[in-house]
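Residues per chain are reported as follows:
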Amino acid sequence: MQMDVRQNLQLYKDMIQCAGPLYLWAYNDCGRLVYSNCPEEEVLAQVFELFGCKKRLYDHLLPDTPMQVASSIGLQWCAAAETDGGKVKMVYLIGPYFTENTVLRNMELAMRQLQNLNLSVETTMQIEKALKALPTLATNIMNHYAITLNYCVTGVQKNTFDIYNITDEDYGTVDVEEQLSTRDRHKVWTTEQALLRMVREGDLNYAFVVNQANSVSNGVKVDTNEILGQARISVIVFTSLCCRAAIEGGLSPEEGYTLGDAYIQRVADAKDSTELGELSNTMYADFVHRVHRCRTNPEVSKQIQDCCAYIELHAEEEIPIDQLAKRFGYAEYYLTKKFKREMHTSLTNYIKYVRIERAKLLLTTTGLSLQEIADRLHFCSRSYFGKVFYEVVGCSPLEYRQKQ
C-alpha cells in the first residue's frame, strides 16, 4: 500500500507538539527550506546553517535510517530522508533541542561559540533569545522521536541501535571539557551529595534535585562506543550509591542489599535505554520511600519491620499470608494480630497499600500502561486496580500520572 508521507507527518507534527515546543522542518533535495511550523524559523534555520549542520547532514544522508545531527553548541535535530527511485526527494527534521547529554550545557559557552562567528550584535541577540526558549530533552526520548520520524517518512521499522549520529568532526570537545572540568565536576559532586542526602533522610521532596541532576551529568564516563553499556554502568553505580545511603538512613542491610541486587539484575537484563531510564527513576524513588517509612515508624518491632520489608521487596509477587507467617516463624493468627496491633492496619490492607505505593512509583517513573501495572501488581483486573487506587489515593491512576 502506498504510504501517505504528508498525512503521516501531519499527525506526527500534532503529536509531538503535545509534548512541548518541538518543530517539524522540511528541506528539498537541494537543501532549500520549504516548510517549517517554527515561530523562530528564520533565526533557527540560520543556526542550522551557521554551524554546518545542514552541510554535514546532506553529506551523510542515509536512506531508511533514523539520523541525528548535532551542532557545536549542543543543539540537535532528528532527521529522516524521503527517497524516490533511490534518490533523495525530501529531508524532514524534528528540533532543534538541547539534550541532557550535550557537552555544552552552559549558555555562556554557547554564546562564546557564536561570538567566534563574528555575527552582528542584533543577530547574536536574536539567536540567544531563540536558544533560551528551546527545550532540553532526555536522550532516550529523542531517540524514539528519531525512530518514529523515520518510520513516518520511510515506513521502515528501526531501533535505537540503528540511529546514525552526525557530529561536528572539526569541533574539539576535549578543549571545551577542559574549560568545564573543574566547575562541572564540583557541580556533579554537590548534586550527587544532594541526591544521596534525600535518600539518607527519606525526603519525599526530591523531584527538584533529580531534575537538577539530569541537567548536570549524563552518568559515568567510560571509554566505550557502546551507548547502552555505558548507560548500564551509570545506573549500576547510581544504584550502589543509593543502596548505601539508604542503609545509612536506617534501612536494614538485608533489605538494602537485597533491593539493590534486584535492581542491578534488572539493569543487566534491560533491553534499551528507555527501560534503563525508567529503572533508574523507579529505583531512586523506591529507596527514598522505604527510608521514609522506616524513619517514620521507629516504634515498630524488628519482626514486623522485617515482615514489612519482605512485603515491599516482593510487592510484584503473590504474597499468601500463611506462607508469610511461616517464613517468620509465627502462626498465621498470631502474626496477623501482632501486625495489626503495631501497624494499626491489617496485613491484607498493608499489602494492598504497598502495592498502591508501588503503582504510584510505576505511574510516575515508567511508561507502563494501566493494564500492565495492574497485571504486574496482581490486581485481578484493570477496573479493580482503578477502584482500589481511587480508594487509597483519592484519584484515578490516570489522573495521578497526569498530576505528577
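The structure contained in this document is the topic of the report that follows. For every chain, the first residue of the written sequence is number 1, and numbering continues from 1 onward in sequence order. Confidence filtering applies because this is a predicted model: local features only for residues at pLDDT of at least 70, side-chain atom pairs given and counted only at 80 or more, and all residues used for totals across whole chains, interfaces and linings. Based on all heavy atoms of the structure, the side-chain values leave hydrogens and waters out of the count.

1. Digging into the packing of helix H11 (residues 273-296) against helix H15 (residues 347-365)
Now for step 1: Every axis corresponds to a line fitted to the C-alpha atoms, with the helix fit spanning only the stretch in contact, and the corresponding angles, defined between N-to-C directions, vary from 0 to 180 degrees. By definition, any uninterrupted DSSP run of H or I lasting at least four residues is a helix, any uninterrupted run of E lasting at least two residues is a strand, and each is numbered from the N terminus. Viewed as axis vectors pointing N to C, H11 and H15 meet at an angle of 145°, and their least axial separation amounts to 9 Å. Considering the relative orientation of H11 and H15, their crossing is right-handed. Within the contact between the two elements, H11 uses Glu-278, Asn-281, Thr-282, Ala-285, Asp-286, His-289 and Arg-293 and H15 uses Glu-357, Arg-358, Leu-361, Leu-362 and Thr-365.
Now for step 2: Among the residues forming the contact of H11 with H15, the class breakdown is three nonpolar, four polar and five charged. The crossing is said to be left-handed when, going from far helix to near helix, the turn is anticlockwise and less than a right angle, and right-handed when the turn is clockwise. Residue contacts follow a heavy-atom distance rule, with two residues in contact if any of their heavy atoms lie within 4.5 Å. When residue character is reported, Ala, Val, Leu, Ile, Met, Phe, Trp, Tyr, Cys and Pro are called nonpolar, Asp, Glu, Lys and Arg charged, and the others, Gly included, polar.

2. Section: H11
Now for step 1: Helix span, as expected, comes to 1.5 Å for every residue beyond the first. Between its first and last C-alpha, H11 extends 35 Å over 24 residues, near the 34 Å set by a 1.5 Å rise per residue.
Now for step 2: Nitrogen and oxygen atoms within 3.5 Å of one another constitute a polar contact, given that in protein one can donate a hydrogen and the other can accept it, and given that sequence-neighbouring residues count only through two side-chain atoms. Put simply, Asp-272 is the residue that caps the front of H11, since its side-chain oxygen is 2.8 Å from the backbone nitrogen of Glu-275.

3. Here we look at the side chain of Arg-355
Now for step 1: Here Arg-355 shows up in helix H15.
Now for step 2: The side chain of Arg-355 is buried and forms no salt bridge, while Glu-318, the nearest opposite charge, is found at 4.5 Å.
Now for step 3: Excluding residues that lie within four positions of it along the chain, Arg-355 makes contacts with Ala-315, Glu-317, Glu-318, Ile-319, Leu-377, His-378 and Phe-379. Residue burial is assigned from relative accessible area. The probe radius is 1.4 Å, only protein chains are included, and a residue is buried under 20% of its type maximum, exposed over 50%, and partly exposed in between. Positive charges come from Lys and Arg alone, negative charges from Asp and Glu alone, with His and the N- and C-terminal ends not counted. By definition here, a salt bridge exists when the distance from a side-chain nitrogen of Lys or Arg to a carboxyl oxygen of Asp or Glu is within 4 Å.

4. Observations concerning the environment of Leu-259
Now for step 1: Turning to its location among the elements, Leu-259 is positioned in helix H10 (residues 253-269).
Now for step 2: Looking at Leu-259, the relative accessible area reads 4%, which means it is buried.
Now for step 3: Each C-alpha atom, one on Leu-259 and one on Leu-313, is 6.7 Å from the other, the two residues being 54 residues apart in sequence.
Now for step 4: Beyond its immediate stretch of four places on either side in the chain, Leu-259 contacts Asp-286, Phe-287, Arg-290 and Leu-313.

5. Side note on the packing of H10 against H11
Angle between the axes and distance between the axes: these two values describe a pair of packed helices.
Now for step 1: With their axes 10 Å apart at the nearest point, H10 and H11 run at an angle of 170° to one another. Judged on the interaxial angle alone, H11 and H10 are roughly antiparallel. Of H11, the residues touching H10 (which contributes Glu-255, Gly-256, Leu-259, Gly-260, Tyr-263, Arg-266 and Val-267) are Leu-276, Leu-279, Thr-282, Met-283, Asp-286, Phe-287 and Arg-290.
Now for step 2: Across the contact of H10 with H11, the residue classes break down as seven nonpolar, three polar and four charged. An angle counts as roughly parallel when it lies under 35 degrees, as roughly antiparallel when it exceeds 145, as roughly perpendicular when it falls between 65 and 115, and as oblique in every other case.

6. A look at the pairing of strand S5 (residues 87-99)
Now for step 1: Of all the 13 residues making up S5, 10 are buried; the element is thus mostly covered by neighbouring parts of the structure.
Now for step 2: Of the pairings in the sheet, the one linking strand S1 (residues 23-28) to S5 comprises six bridges and is antiparallel in character. Bridge pairing in S5 places Trp-25 opposite Leu-93.
Now for step 3: Following DSSP output, two strands are said to pair if at least two bridges run between them. As paired elements, strand S4 (residues 75-84) and S5 share nine bridges and run antiparallel to each other. Looking at S5, one finds that Gln-76 is bridged to Tyr-97.
Now for step 4: Between S4 and the antiparallel strand that follows it, S5, lie two residues; Gly-85 among them carries a positive phi value of about 65°.
Now for step 5: In the sheet, S5 pairs with strand S6 (residues 136-137) via two bridges, with the strands oriented parallel. Paired with Thr-99 across the two strands is Leu-137, which belongs to S6.

7. A closer look at the pattern of salt bridges
Now for step 1: Applying the stated criterion to the full structure yields 15 salt bridges.
Now for step 2: Notably, a salt bridge pairs Asp-59 with Lys-55, separated by 2.9 Å at the nearest N-O pair. With Asp-59 and Lys-55 both in helix H3 (residues 53-59) and four residues apart, this pair spans about one turn of that helix.
Now for step 3: A relative accessible area of 59% means that Lys-55 is categorised as exposed.
Now for step 4: Residues Lys-387 and Glu-391 are paired through a salt bridge, measuring 2.8 Å at the closest nitrogen-oxygen approach. With a gap of four residues between them, Lys-387 and Glu-391 both fall in helix H17 (residues 382-393), about one helical turn apart.
Now for step 5: Look at Lys-387 and you get partly exposed, because its relative accessible area is 47%.
Now for step 6: The network of salt bridges with shared partners includes Glu-255, Asp-286, Arg-290, Arg-293, Glu-312, Glu-316, Arg-358 and Arg-376.

8. Brief notes about the packing of aromatic side chains
Now for step 1: Only Phe, Tyr and Trp rings are paired, with Trp represented by its six-membered ring, and only when their centres lie within 6.5 Å; those with planes under 30 degrees apart are stacked, over 60 edge-to-face, the remainder tilted. Here the structure, examined in full by the defined rule, presents 10 aromatic pairs.
Now for step 2: With a centroid separation of 5.7 Å and 15° between ring planes, the pair formed by Phe-238 and Tyr-284 is classed as stacked. Taken together, the residues span a long stretch of sequence, with Phe-238 in helix H9 (residues 227-248) and Tyr-284 in helix H11 at a distance of 46 residues. As far as the burial class goes, Phe-238 and Tyr-284 line up, both buried.
Now for step 3: Ring geometry for Phe-389 versus Tyr-400: centroids 5.7 Å apart, planes at 70°, classification edge-to-face. Of the two residues, Phe-389 sits in helix H17 while Tyr-400 sits in helix H18 (residues 397-403), which places them 11 residues apart along the sequence. For the pair shown, Phe-389 and Tyr-400 are each scored as buried.

From the geometry alone we can't say anything about function, so treat these as descriptive.
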